[in-house]
Amino acid sequence: MLPSEENPTPLVRLNRLNPHADFPLYAKLEWMNPFGSVKDRAAWALLRDLEERGELANGRGLVEPTSGNTGISLAAMARARGHRLLAVVPNKVPLEKKVLLKIAGADLEVISDELCPAPGLGDGSINLAKTHAKASAHKYAMPNQYENSKNVEAHYRTTGPEIWKQTEGKITHLFVSLGTCGTVTGTAKFLREKNPKIKIIAVQPTEGHDVPGLRNISQLGVSKLFDSSLVDDIIEVDFHLAYTRALDLCQNEGLLAGPSSGLILEGALEIVARDKSGFGVMIFPDNIFKYTSNMIKHIPGLGSGTQP
Amino acid sequence: MANYSHPEVLVETDWVKQNLGKPGIKLIEIDVDTKGYDAGHIPGAVGFNWQTQLQDQLRRDIISEEAFEKLLGDAGISPSDTVVLYGDNNNWFAAYGFWLFKIYGHKDVRLMNGGRVKWLNEPDKELTTERPKIVSTQYRASGPDLSLRVMLSEVLRAQPGKTCNLVDVRSPDEFTGKVIAPPGMTETAQRGGHIPGAKGIPWSTAVGPDGTFKSVDELRTIYVDQKGVDPKKETIAYCRIGERSSHTWFVLKYLLGLSNVRNYDGSWTEYGSIVAAPIEK
């Protein structure tokens, strides 16, 4: 079920939202992963690594900080293989994701959001997960998606080769968002080895944003997986556009894409207008279903008319 | 230690490790979210909840002297103990606790440099979920020393730049009034902006990437040379609810050694709601 070069997630062309015929944009639909997001790739690699190293013997479970997607993938896979996951979740994660985590079988610990974190000090959910892993090491192993090279390897092994094959080597621009940075680092590393000229564009939300799973560059200190040598441009996009662009994708392209995909699209359109010609691939991390409450918050009118 | 004016009020994580369990040395973790303490704390540390244990639960105020005495007595602390404070959110709430301990006259109180996140990330430092066994005491406070605290009436009378330095330690977006409070915070004010004449110097200016305080030379360069804090004048620090400003209060008073530094704990949630109070954006 998990994607690979032989069994890739779909790559589809945008037909209506991209006006530039000389610069087609393709979306890689990562919500077609079995548990609904790009995070299946990393979660599987992290879980298998812990198992192979014997870290999950004798009923020892996992603890992981997550804004939802990694947790959902990890919980579902872990439960299927007989392990438990404690997911440490920031409160601003939408209710849908919190409930999905429980449905997927995770134990949930929700913490109040960051007040005003200093760069480099990690955030509350990461530090709380680390605290559990340290104080209760007999109960919990922590995969730590923010620091674990298996996260990068998963994308080097699957996402990169899939894109190369699906575009028949024609890709000129890769558009990604930044969270743990496993996707950008692993995929970009593979693609750059195939063609060093491929431009890697990271799209990030403005500071103080409300786009679950993503990080502004000022928050990137928490990821040990970010490799700036693999990124040509970092585009900052007003985070509200993540929501309006997601709605555009849903209503004009038939793609039920989530807000991080909307953000990536907005960044990609900026580059398309700048570079004029090329062959772009956008990695769309997940679909809209988990974000209805966020959408209501950010799209005026969406919540009206939903009651009799 | 880095030539601070009062190096005795700061200890390193290694010092804490070497002194774990020694009689007369007590550890207290002060968190705004005590899930951290519950999940794991330094062996022997007592946990205080900033919201429910250091704040008066009826009126908006620091806890009373009697409540402070009961809190410390129940935590097994004696006035002669060396108390080391540390906590979440980069020691903001621990710094607030330090300020409170000083108001109620505890002689030997210290801050652990870098807070719980530094201890957490050092491989040789242990955490435990086990709560310490406490023998309660009859703690007697001396004080209160209210010279460490500024009330609203004095802030309204102050003439920043002329008679005093006013330091706003909130984030740039709070200082300019773009936001009234960081996203998701419940304590807020009616208006955004800052007190006229205040210098915006975010609390994080005082720490390095690992959350420990910068050297005294760096601090002097930043606060005095670059930002123009005049050491000869009284200094008032404020933020939103008085915890980040405790952190800067600690830096200015104990590390830089400015003679008269006070914390305005009413801060923006009070000032920004006062009818007709002047505001700058």
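Residues numbered from 1 in each chain as written. Chains lettered and ligands numbered in written order. Predicted model: local features only at pLDDT ≥ 70, side-chain atom pairs only at ≥ 80, totals over all residues. Heavy atoms only, no water.

**Concerning unusual backbone geometry**
- You will see that A:Asn58, though not glycine, has its phi angle at about 55°, which is positive.
- If you trace the backbone, A:Asn58 turns up in the loop between α1 (39-52) and β3 (61-65).
- Owing to a relative accessible area of 82%, A:Asn58 belongs among the exposed residues under this scheme.
- Despite not being glycine, B:Asn91 shows a phi value in the positive range, around 75°. (Helix = DSSP H or I, 4+ residues; strand = E, 2+ residues; numbered from the N terminus. Buried < 20%, exposed > 50% of the residue type's maximum accessible area, 1.4 Å probe, protein only.)

**Focus on the environment of A:Gln145**
Residue and element names in this part refer to chain A.
- For Gln145, the location among the structural elements is in the loop between β6 (140-141) and α5 (149-166).
- On the basis of relative accessibility, which here comes to 2%, the residue Gln145 falls in the buried class.
- Gln145 sits 136 residues away from Val281 along the chain, and the two C-alpha atoms are 24 Å apart.
- Apart from residues no more than four positions distant in its own chain, Gln145 is found in contact with Lys39, Leu46, Glu64, Pro65, Thr66, Thr70, Asn151, Thr180 and Leu225.
- A polar contact of 2.9 Å, which involves the side chain of Gln145, links it to the backbone oxygen of Pro65. (Contact = heavy atoms within 4.5 Å. Polar contact = N/O pair within 3.5 Å; in protein donor to acceptor, adjacent residues only side chain to side chain.)

**Observations concerning the sheet that holds β6(A)**
Residues and elements named next belong to chain A.
- Pairing is parallel in the open sheet, where four strands are placed in the order β5-β4-β3-β6. Edge strands, defined here as strands with exactly one partner in the open sheet, are β5 (107-111) and β6.
- Inspection of the sheet shows strand β4 (residues 85-90) paired to β5 by five bridges, in the parallel sense. The partner of Val89 across the bridge, within β5, is Val110. (Pairing = 2+ DSSP bridges.)

**Looking at the pairing of strand β5 (residues 109-112) of chain B**
All names here are of chain B.
- Neither face of β5 is left uncovered, since the one carrying Val109 and Leu111 and the one carrying Arg110 and Met112 both have all their residues buried.
- In this structure, strand β1 (residues 10-11) lies alongside β5, joined through two bridges in parallel fashion. Across the sheet, Leu10 pairs through a bridge with Leu111, a residue of β5.
- Summarising the sheet, strand β4 (residues 82-87) and β5 pair through three bridges and their orientation is parallel. Bridge pairing links Leu85 to Leu111 in β5.

**Section: helix α10 (residues 244-255) of chain B**
Residue and element names in this part refer to chain B.
- Here α10 is 12 residues long and its end C-alpha atoms lie 16 Å apart, about the 16 Å a rise of 1.5 Å per residue gives.
- Counting buried residues in α10 gives 12 out of 12 residues, a clear majority hidden from the surface.
- If you check which residues of α10 are buried, you get Arg244, Ser245, Ser246, His247, Thr248, Trp249, Phe250, Val251, Leu252, Lys253, Tyr254 and Leu255.
- Backbone geometry just after α10 places Gly257 at a positive phi near 75°. (Expected span 1.5 Å × (residues − 1).)

**Section: the nonpolar core**
Residues and elements named next belong to chain B.
- Formed by 58 residues in total, the largest nonpolar core has its most connected members in Phe48, Leu85, Tyr223 and Phe250.
- Elements with a contribution of two residues or more to this core: β2 (25-31), β3 (46-49), α4 (65-74), β4, α5 (88-103), β5, α9 (216-226) and α10.
- Considering every element that reaches this core, the biggest residue donor is α5, with 10 residues.
- If you count residues domain by domain, this core takes at least three from each of domain 1 (7-144) and domain 2 (149-271).
- Not counting chain neighbours up to four residues away, the residues in contact with Tyr223 comprise Ile201, Pro202, Trp203, Thr205, Ala206, Gly228, Val229, Thr248, Val251, Leu252 and Leu256. (Core = buried A, V, L, I, M, F, W, Y, C linked by side-chain atoms within 4.5 Å. Domains from an automatic or database assignment.)

**With respect to the domain arrangement of chain A**
Residues and elements named next belong to chain A.
- Per the domain assignment, the segments making up chain A are domain 1 (11-32 + 152-298) and domain 2 (39-141).
- Placing the centre of domain 1 and that of domain 2 at their C-alpha centroids yields a distance of 24 Å.
- Between domain 1 and domain 2, the contact holds 21 residues from the first and 17 residues from the second.
- Of the roughly 1400 Å² buried at the junction of domain 1 and domain 2 (both faces included), carbon and sulfur atoms supply 47%.
- On inspection of domain 1 and its partner domain 2, the count reaches two salt bridges. (Buried area = accessible area lost by both parts, 1.4 Å probe. Salt bridge = Lys/Arg side-chain N within 4 Å of Asp/Glu carboxyl O.)

**Digging into the interface of chain A and chain B**
- With 21 residues of chain A at the interface, the matching set in chain B holds 32 residues.
- Approximately 1900 Å² of surface area, both sides summed, lies buried where chain A meets chain B, with 61% of it carried by carbon and sulfur atoms.
- Where chain A packs against chain B, one counts zero salt bridges.
- At the junction of chain A and chain B, the tally comes to seven residue pairs in polar contact (both at pLDDT 80 or more).
- Broken down by element, the side of chain A that touches chain B gets its largest block of residues, seven residues, from helix α4 (residues 124-135) of chain A.

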